[in-house]
Amino acid sequence: MARRPLVAGNWKMNGLSASIAELDKIIVGAGALAQRSANVDVMVCPPATLIANFAVAARGSNVAIGGQDCHALSAGAFTGDIAAEMLRDAGAQAVIVGHSERRQYHGETDAAVRAKAQAAHRAGLLAIVCVGETRAERDGGRAREVVGAQLDGSLPENAAATLVAYEPIWAIGTGLTPHPSDVADMHGFIRTRLGARFGEAGETVRILYGGSVKASNAKELMATANVDGALVGGASLVAGEFLAIAGVYR
Ligand code: PGA
């Protein structure tokens, strides 16, 4: 089963209107990659304040724009929250749900993440569902158990328009990455669970790796079995570095 890889940049709480200059560089670079028939989709997930402007700038390009979170409901008295429909209306094509920083700092449970993923689908967005274990859980030999439970609780009903991002929490923003064999092991485990959950459609779900992906380690990580791209944090803020990661699929 050929799955077209995706390299998505998660800008987190970084970026002001002037950052559109960085997006413009990404658009030019992604266009050049496409011209060389690179087999990769490129996405930027800026803070919500920038989505509309970025979507206009990216229109007609090879760069998709995504959000970083959404509410489960489409409208209502939820001060400060943003509905998936609003992201879509602003020009987003996807949304990240259940990032470990949302789970940790906003107490998002698996059930809440699942409801957000369902909301993404309701609004016509791709849902990028994040899972990953802590260092203590890995050291305790519980990584599969934890990730398995997160998948069971967080995945939406349909495999279509669903992506999974495996992001070991201890690798996020630390410069540490798991050994490629551990990545292969976990992605294989996730693939099996997707098959158990979705049947044959589980084969079509892209599984991204995230956590300290950089230009210098992307080639090895992206060449790992069942790694269908990357969710990139810090390294996605600089166009050259981000494009070098997408460029491994050239
Ligand atoms: P990082 O973040 O690439 O800065 O480690 C990845 C993420 O949190 O999605």
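On a predicted model such as this, the values are computed, not experimentally measured, just so you know.

1. Describing the pairing of strand β4 (residues 94-97)
Burial along β4 is two-sided: the face carrying A94 and I96 and the face carrying V95 and V97 are both buried. In this sheet, β4 lies alongside strand β3 (residues 63-67) in parallel orientation, the contact comprising two bridges. Directly across from G67, in β4, lies its bridge partner V95. You can see the chain leave β3, run along helix α3 (residues 84-90) and come back into β4, and the turn it takes is right-handed. Sheet topology places β4 next to strand β5 (residues 126-131); four bridges connect them, and they run parallel.

2. Examining unusual backbone geometry
At K12, a position not held by glycine, the phi torsion is positive, near 55°. Note on placement: K12 falls in the loop between β1 (6-10) and α1 (20-35). Non-glycine residue S212 carries a positive phi angle of around 55°. Tracing the backbone through its elements, the reader meets S212 in the loop between β7 (206-210) and α9 (215-222). Overall, S212 belongs to the buried group, its relative accessible area being 14%.

3. Re the sheet that holds β5
Sheet architecture is closed into a barrel: eight strands sit in the order β1-β2-β3-β4-β5-β6-β7-β8, paired in parallel fashion. Neighbour to neighbour, the strand axes of the sheet diverge by 25° on average, direction disregarded. Pairing geometry for strand β2 (residues 41-45) and β3, over three bridges, is parallel. Across the sheet, M43 pairs through a bridge with A64, a residue of β3. Contacts between helix α7 (residues 143-154) and the sheet are confined to β5 and β6 (162-166), with β5 contributing the most and set at about 150° to the helix.

4. Some remarks on the packing of aromatic side chains
Scanning all chains against the criterion turns up two aromatic pairs. With a centroid separation of 5.4 Å and 90° between ring planes, the pair formed by W11 and F54 is classed as edge-to-face. One end of the pair, W11, is in the loop between β1 and α1; the other, F54, is in helix α2 (residues 48-58), with 43 residues separating them in the sequence. Like F54, W11 is buried.

5. Some thoughts on the nonpolar core
In terms of nonpolar packing, the biggest core is built from 65 residues, with I26, V44, V63, I65, V164 and I190 touching the most fellow members. When residues of this core are assigned to their parent elements, the largest contribution, six residues, is made by helix α8 (residues 180-198). Those residues in contact with I65 that lie beyond four places of it in its chain are L23, M43, V44, P46, I51, F54, A55, A58, G91, A92, Q93 and A94. Counting 13 residues, the second-largest nonpolar core is a separate cluster that includes M43, I96, L163 and L208.

Basis of the calculations
Residues numbered from 1 in each chain as written. Predicted model: local features only at pLDDT ≥ 70, side-chain atom pairs only at ≥ 80, totals over all residues. Heavy atoms only, no water. Buried < 20%, exposed > 50% of the residue type's maximum accessible area, 1.4 Å probe, protein only. Helix = DSSP H or I, 4+ residues; strand = E, 2+ residues; numbered from the N terminus. Pairing = 2+ DSSP bridges. Right-handed = clockwise from strand over helix to strand, strands pointing away. Axes fitted to C-alpha atoms, helices over the stretch in contact; angles between N-to-C directions. Contact = heavy atoms within 4.5 Å. Phe/Tyr/Trp six-rings, centres within 6.5 Å; stacked < 30°, edge-to-face > 60°. Core = buried A, V, L, I, M, F, W, Y, C linked by side-chain atoms within 4.5 Å.

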